[in-house]
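These are the residues of each chain, in order.
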Number of protein chains: 2
Amino acid sequence: MALKYSRQREAIKEFVMTRLDHPTADEVYMNVRQEFPNISLGTVYRNLTLLSDMGELLRLRVGDGVDRFDAAIHPHYHFICQECGSVEDLNIPIMESFNDHAGKGFGGQILSHSAQFYGKCSNCLKNNS
Amino acid sequence: MALKYSRQREAIKEFVMTRLDHPTADEVYMNVRQEFPNISLGTVYRNLTLLSDMGELLRLRVGDGVDRFDAAIHPHYHFICQECGSVEDLNIPIMESFNDHAGKGFGGQILSHSAQFYGKCSNCLKNNS
DNA sequence: TTTCAAATTAGTAATGATTACTGATACCAT
DNA sequence: ATGGTATCAGTAATCATTACTAATTTGAAA
C-alpha cells in the first residue's frame, strides 16, 4: 500500500487549495470534472479522505449534514452564516485555556476543542435581509 | 395544523427526558418500542424533529454522522470521548464574551457559538486504554 | 525501454441516516 | 356520537458516503 502518484489526486488537492470557502465533495467533483470529465465521485471521496487522513487537508463537519474540506490545516475556528450557509475561517488563535476552563469539575480528560460561530456573514449583512 | 396530542410523542419526549446521555433516533426507537411495539422509526424521527422545532428538545450534531437529542435545552457545551464516542454535557456556563472576541476583525456579525470538547471520559480513563 | 506487480481508476452497487408518501387510525371540538 | 384533521404504521425515496470490481496507470526493477 505504498502511495502512488495520481493526476486526479493532484488536481483534487490543487483545487481545494485555491479555495478559501470550504467546498463539499460534490463541489470538488463538479470542478475537477472540468479537467477530468470522466472522474467519478467515488474517486473524489476516496482522495479527499486519503488527503485528510494524511493531514494534508482538514475534513470539516459543521453540522449541516455534508462534509467540507479545508486546505488550511492549522487548527482554527469557523463561522457559519445562518442566512446563506456559507462557511468561513476565523483568524483568532485557538484559546488553549478553554480546555482547562471546561475541565473544571469534569471527571474525564479534555485534550482539545472545536468551536463554530453563527450569525450573518458580511455579504448577507450588506443585503440586510 | 393545530398540534394534537399523541401518546407516541409523549412517550418519546418522556424517554429523552430520562436520559443524561444523548440518544440517537434509533436508540429512542429501540426503547419506545417496549411501550409501543408497532411504532415506526419514521414516527420517532417526525416527533423528534417536531419537538426540536418547538424548542422542547435540542437536536445535536457532534460530527459522528448521527443526530442526537438532548432534553437539556439551555445552551451548553458538549464533551465527546475519543475513545468510546460517548457524549456528555459540560456544566460550565456559555462564555458569551467569546462571540465578541471571535468577531475581532471579522466583517460579519456573530450572534452565538457552539463548542465541543474532546478527550477521554472518566470511564475510559479508569480502564486506561 | 520493456515488464509486471501493486496502486488507482471509473463505474456502479450497497449502505446508513433521514425524509417523504399513503391509506388507515386516533384525537378532539362541535 | 360525528366529522374534520393531525398523527400513525408501513414503506418507498432521497442524500451523502462507502464498498466492490474489472480495467488502467504508475513506478521500480529487469
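The structure under discussion appears in the preceding block.
Residues numbered from 1 in each chain as written. Chains lettered and ligands numbered in written order. Predicted model: local features only at pLDDT ≥ 70, side-chain atom pairs only at ≥ 80, totals over all residues. Heavy atoms only, no water.

Peer 1: Can you help me understand the packing of helix α2 (residues 25-32) of chain B against helix α3 (residues 41-53) of chain B in this one?
Peer 2: Axis angle and axis distance: for two packed helices, these are the angle between their axes and the distance between the axes, and together they describe the pair. Residue and element names in this part refer to chain B. The contact between α2 and α3 brings their axes to 9 Å, and the two run at 120 degrees. Put simply, α2 runs oblique to α3. The element α2 and its partner α3 pack so that their crossing is right-handed. Contacts between α2 and α3 involve Ala 25, Asp 26, Val 28 and Tyr 29 on the former and, on the latter, Leu 41, Val 44, Tyr 45 and Leu 48. A class-by-class count of the residues in the contact of α2 with α3 yields seven nonpolar, no polar and one charged. (Axes fitted to C-alpha atoms, helices over the stretch in contact; angles between N-to-C directions. Helix = DSSP H or I, 4+ residues; strand = E, 2+ residues; numbered from the N terminus. Parallel < 35°, antiparallel > 145°, perpendicular 65-115°, else oblique. Left-handed = near helix turned anticlockwise from the far one by under 90°. Contact = heavy atoms within 4.5 Å. Nonpolar A, V, L, I, M, F, W, Y, C, P; charged D, E, K, R; others polar.)

Peer 1: Looking at this structure, how should I read the environment of Leu41(B)?
Peer 2: Residue and element names in this part refer to chain B. In this structure, Leu 41 sits in helix α3. For Leu 41 and Ala 25, which are 16 residues apart along the polypeptide, the C-alpha to C-alpha distance reads 7.8 Å. Setting aside residues up to four positions removed in sequence, Leu 41 forms contacts with Ala 25, Asp 26 and Tyr 29.

Peer 1: I'm lost on the pairing of strand β5 (residues 109-120) of chain A in this one. Help?
Peer 2: Where a strand is regular, its side chains alternate between the two sheet faces. As defined by bridge partners, strand β3 (residues 78-81) of chain A adjoins β5(A) across four bridges and the pair is classed as parallel. Within β5(A), the position partnered with Cys81(A) by the bridge is Gly119(A). Sheet analysis places β5(A) next to strand β5 (residues 109-120) of chain B, joined by 11 bridges and oriented antiparallel. Residue pairing in the sheet places Gln109(A) in a bridge with Lys120(B) of β5(B). (Pairing = 2+ DSSP bridges.)

Peer 1: Quick question: what am I supposed to make of the side chain of His78(B) here?
Peer 2: Residue and element names in this part refer to chain B. Here His 78 is to be found in strand β3 (residues 78-81). When its relative accessible area of 6% is taken as the criterion, His 78 is described as buried. Separated by 3.1 Å, the side chains of His 78 and His 76 make a polar contact. In this view, His 78 contacts His 22, Leu 60, Asp 70, Val 87, Glu 88, Asp 89, Leu 90, Ala 115, Gln 116 and Phe 117; residues no more than four positions away in its chain are not counted. (Buried < 20%, exposed > 50% of the residue type's maximum accessible area, 1.4 Å probe, protein only. Polar contact = N/O pair within 3.5 Å; in protein donor to acceptor, adjacent residues only side chain to side chain.)

Peer 1: So what exactly am I meant to see when it comes to the state of the cysteines here?
Peer 2: Here, the word disulfide means a covalent bond between the sulfur atoms of two cysteines. Tallied over the entire structure, the rule returns zero disulfides over all chains. With no disulfide of its own, Cys124(A) has Cys84(A) as its nearest cysteine by sulfur position, at a separation of 3.8 Å. (Disulfide = S-S within 2.5 Å.)

Peer 1: So what exactly am I meant to see when it comes to the packing of aromatic side chains here?
Peer 2: Where two aromatic rings form a pair, the distance of their centres and the angle of their planes describe that pair. Tallying each qualifying case throughout the model produces nine aromatic pairs over all chains. Geometrically, the ring pair formed by Tyr77(A) and Phe98(B) is edge-to-face, given 5.5 Å between the ring centres and 90 degrees between the ring planes. Of the two residues, Tyr77(A) is situated in the loop between β2 (68-70) and β3 and Phe98(B) in helix α4 (residues 97-103); the pairing between them involves two chains. By the burial criterion, Tyr77(A) is buried, and Phe98(B) matches it. Arranged with centres 5.2 Å apart and planes meeting at 75 degrees, the rings of Phe98(A) and Phe98(B) form a pair that is edge-to-face. Remark: Phe98(B) occurs in helix α4 and Phe98(A) occurs in helix α4 (residues 97-103); the pair is interchain, linking two chains. Put simply, the rings of Tyr77(A), Phe98(A), Phe117(A), Tyr77(B), Phe98(B) and Phe117(B) pair up and form one aromatic cluster. (Phe/Tyr/Trp six-rings, centres within 6.5 Å; stacked < 30°, edge-to-face > 60°.)

Peer 1: It is not clear to me how the interface of chain B and chain A should be interpreted in this structure. Could you clarify?
Peer 2: Tallying the contact residues gives 31 residues for chain B and 32 residues for chain A. Both faces considered, chain B and chain A share a buried interface measuring about 2,700 Å² in area, 66% of it formed by carbon and sulfur atoms. Its largest share of buried area at the contact with chain A, chain B owes to Phe98(B), Phe106(B) and Phe117(B), together 19% of the area lost on that side. Between the two partners, chain B and chain A, sit zero salt bridges. At the junction of chain B and chain A, the tally comes to 11 residue pairs in polar contact (both at pLDDT 80 or more). Only α4, β5 and α5 (122-126) of chain B provide two or more residues apiece to the side of chain B that touches chain A. The element best represented in the side of chain B that touches chain A is β5(B), accounting for 12 residues. Of the residues belonging to the side of chain B that touches chain A, the class tally is 15 nonpolar, 13 polar and three charged. (Buried area = accessible area lost by both parts, 1.4 Å probe. Salt bridge = Lys/Arg side-chain N within 4 Å of Asp/Glu carboxyl O.)

Peer 1: What am I meant to see in the sheet that holds β5(B) here?
Peer 2: Where strands meet in a sheet, backbone hydrogen bonds hold them as pairs that are either parallel or antiparallel. Strand order in the open sheet formed by six strands is β4(A)-β3(A)-β5(A)-β5(B)-β3(B)-β4(B), with mixed pairing between adjacent strands. Strands with a single pairing partner mark the edges of an open sheet, and in this sheet they are β4 (87-89) of chain A together with β4 (87-89) of chain B. Going across the sheet, the axis of each strand differs from the next one's by a mean of 30 degrees, ignoring polarity.

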